[in-house]
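Reading the structure
So the chains spell out like this:
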Amino acid sequence: MEQEKLGWPLNRLESTKLHFSNDVNAPNPRTIDRQHSDMEQMKEKFAKLLLGEDMSGGGKGVSSALALSNAITNLAASAFGEQKKLEPMAPETKARWRKEIDWLLSVTDHIVEFVPSKQFSKDGIYMDIMVTRQRSDLHINIPGLRKLDAMLLECLENFKEQNEFYYTKSKDDDPRNDDKWWIPTPKVPSNGLSDATRKWLQKQKDSVNQVLKAAMAINAQVLSEMEIPESYIESLPKNGRASLGDSIYKSITDDYFDPDYFLSTMDLSSEHKILDLKNRIEASVVIWKRKMNAKDSKSSWSSGVSLEKREILEERAETILLLLKHRFPGLPQSSLDISKIQYNRDVGQAILESYSRVIESLAYTVLSKIEDVTYADNLARNQSNGERKIRLACDREELEKQNSAETPTSMTLLDFMGWSLDRGDTETNNDIKNDVYKEVNILPSKPPNVVTNKKISYIERLENLGGARSPTARH
């Protein structure tokens, strides 16, 4: 009897295959096998999540919220980790991403809340009852995140038809990739991209930028609603000055405060320094908020700083954090964010935070790849324009050389003024010149002879004409 029970599921599966094999409209046996395989894979994945990623069963696993968060993060890393080019995802990878993310997001369908409703009974009476509905934050944000996810995949799919740029593996093509030599470098035509492609690329960039902003907003909202762990609070200093340091504290507490100028004075040359500044400011904000909420005057968190000043300091610090987040969207998570995710027990918040974070990361990656292509295009256009200017300069110089070769070596005064003397006017001009010389008692001196190619000079002409009448002038 036991032997029959053990063999019954297998025998039933085989009999089902035989039954469907005789039916023309029956589903493909390969489809049945694939569905059965997917079911077994899903069971294995959820069993791992229930055990908190501790397959030994020793009770050392993490919470269900953290297990789901890690599962979404690992799935995104395996699906998008190899996305180093602007190209569509592999069909197998895209199918696996959609299938497994649907499994993990299906948990949110069972996170519900009670809401009032009215029910019409058979007796014709309306009754107020409580019904279950998906929790409001999940009901709003999960469909939105799914839409952002689909927009990103569609954007990558749009690059399937483009053929104006390609990728090379040479790190010498882009000096910015010295520290990441394994990342392919985009190459564009020598004269840059066409105007149509450039406009289309800008349109894709704007679309991805909107996805990035929306994902960042959802992620920031979810993180702000998470509780701050006690372990993080215990590690904080007693006041904001100790967390920020004297120089940063003095800049923030100054009467005139400009967040842009403040960031320009900070050393933001490396990712480590930016993250350190973010950690310091977030710690000071937590300290100031706890001191404002401290009701007991004897509390160790209370101090002599006025409530109004603390509110101003908190507002300034949050402005700096917002600027850092928008200027450096690819910045790693801060100590406060990591602590919140690690100690969070809300499964819904864990799914929202991790899903929005991986979409934000993918959007930032795609945006960076588009900017790499734009950079290569600008570089090629500037280089092409520079070469065109050099060619124009060379052509102009060659033209000037040709013109100078055709021009006489010296020009007479008549040539310069554009004058021409006819023979009839020559004698009249000669008489006028001699009369002038007589009145002022000046004889024209003979200048050194100047050899010209075409005509004698104006002074020589006057001298020759005057020399013929010089004896008469002496008498």
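What counts and what doesn't
- Residues numbered from 1 in each chain as written.
- Predicted model: local features only at pLDDT ≥ 70, side-chain atom pairs only at ≥ 80, totals over all residues.
- Heavy atoms only, no water.
- Phe/Tyr/Trp six-rings, centres within 6.5 Å; stacked < 30°, edge-to-face > 60°.
- Buried < 20%, exposed > 50% of the residue type's maximum accessible area, 1.4 Å probe, protein only.
- pLDDT = per-residue confidence, 0-100.
- Contact = heavy atoms within 4.5 Å.
- Salt bridge = Lys/Arg side-chain N within 4 Å of Asp/Glu carboxyl O.
- Helix = DSSP H or I, 4+ residues; strand = E, 2+ residues; numbered from the N terminus.
- Pairing = 2+ DSSP bridges.
- Expected span 1.5 Å × (residues − 1).
- Axes fitted to C-alpha atoms, helices over the stretch in contact; angles between N-to-C directions.
- Parallel < 35°, antiparallel > 145°, perpendicular 65-115°, else oblique.
- Left-handed = near helix turned anticlockwise from the far one by under 90°.
- Nonpolar A, V, L, I, M, F, W, Y, C, P; charged D, E, K, R; others polar.
- Polar contact = N/O pair within 3.5 Å; in protein donor to acceptor, adjacent residues only side chain to side chain.
- Lys, Arg positive; Asp, Glu negative; His and termini not counted.

An unreviewed UniProt entry lists the protein chain under the name Rop guanine nucleotide exchange factor 12-like, with Olea europaea subsp. europaea as the source organism.

Our next topic: the packing of aromatic side chains. Inspection of every chain in the model, using the stated rule, returns six aromatic pairs. Measuring from centroid to centroid gives 6.5 Å for phenylalanine 159 and phenylalanine 165, while their planes differ by 70°, and the two rings are edge-to-face. Given a relative accessible area of 3%, phenylalanine 159 falls into the buried group. A ring pair is formed by phenylalanine 165 and tyrosine 167, whose centres lie 6.2 Å apart and whose planes are at 75°; its orientation type is edge-to-face.

Turning our eyes to something else, we now look at the confidence of the model for the protein chain. Of the residues in the protein chain, 69% reach a pLDDT of 70 or more, and the chain-wide mean stands at 78. This stretch, residues 295-302, has a pLDDT under 50; its non-local contacts, to residues over four places away or in other chains, come to ten contacts. Below pLDDT 50 for its whole length, residues 420-424 participates in two contacts with residues either more than four positions away or in separate chains.

What follows concerns the pattern of salt bridges. Across all of its chains, the model carries 17 salt bridges by this definition. Between arginine 133 and glutamate 113 there is a salt bridge; the shortest N-O distance is 3.5 Å. Placement of the pair is arginine 133 in strand 2 (residues 126-134) and glutamate 113 in strand 1 (residues 112-120), with a sequence separation of 20 residues. Note on arginine 133: relative accessible area 41%, which makes it partly exposed. Where salt bridges share partners, they join Arg135, Asp137 and Asp346 into one cluster.

The next point concerns the pairing of strand 2. When strand 1 meets strand 2, the two strands line up antiparallel, connected through nine bridges. Bridge pairing links phenylalanine 120 to tyrosine 126 in strand 2. Connecting strand 1 to the antiparallel partner strand 2 that follows it, the hairpin turn spans five residues, and glycine 124 within it adopts a positive phi of roughly 85°.

Here helix 6 (residues 195-225) contains 31 residues, and its C-alpha end-to-end distance of 46 Å stays within 8% of the 45 Å for a straight helix at 1.5 Å per residue. Listing the buried residues of helix 6 in full gives Thr197, Leu201, Gln204, Val208, Val211, Leu212, Ala215, Met216, Ile218, Asn219, Val222 and Leu223.

Another aspect to go through is the packing of helix 5 (residues 136-158) against helix 6. Working note: a packed helix pair is described by the angle between its axes plus the distance between those axes. Contact geometry for helix 5 and helix 6: axes closest at 10 Å, N-to-C directions at 155°. It follows from the interaxial angle that helix 5 and helix 6 lie roughly antiparallel. Of the two elements, helix 5 crosses helix 6, and the hand of that crossing is left-handed. Of the residues in helix 6, those in contact with Asn141, Leu145, Leu148, Met151, Leu152, Cys155 and Asn158 of helix 5 are Trp200, Gln204, Ser207, Val208, Val211, Ala214, Ala215 and Ile218.

For the rest of this paragraph, the subject is the packing of helix 11 (residues 271-293) against helix 13 (residues 335-343). Relative orientation of the contacting elements helix 11 and helix 13 amounts to 65°, with a least axis distance of 8 Å. Between helix 11 and helix 13, the angle falls in the class roughly perpendicular. Touching Lys278, Asn279, Glu282 and Val286 of helix 11 are Ser335, Leu336 and Asp337, all from helix 13. A per-class count over the contact of helix 11 with helix 13 returns two nonpolar, two polar and three charged.

On to the side chain of serine 334. Following the sequence through the fold, serine 334 ends up in the loop between helix 12 (307-327) and helix 13. The class of serine 334 is buried, set by a relative accessible area of 1%. One polar contact links serine 334 to glutamate 282, side chain to side chain, over a distance of 2.6 Å.

Secondary-structure assignment places aspartate 149 in helix 5. Within the buried core, aspartate 149 has no salt-bridge partner, and the shortest N-O distance to an opposite charge, that of arginine 98, equals 6.5 Å. Within the structure, the side chain of aspartate 149 is placed 2.9 Å from the side chain of tyrosine 355, a separation counted as a polar contact.

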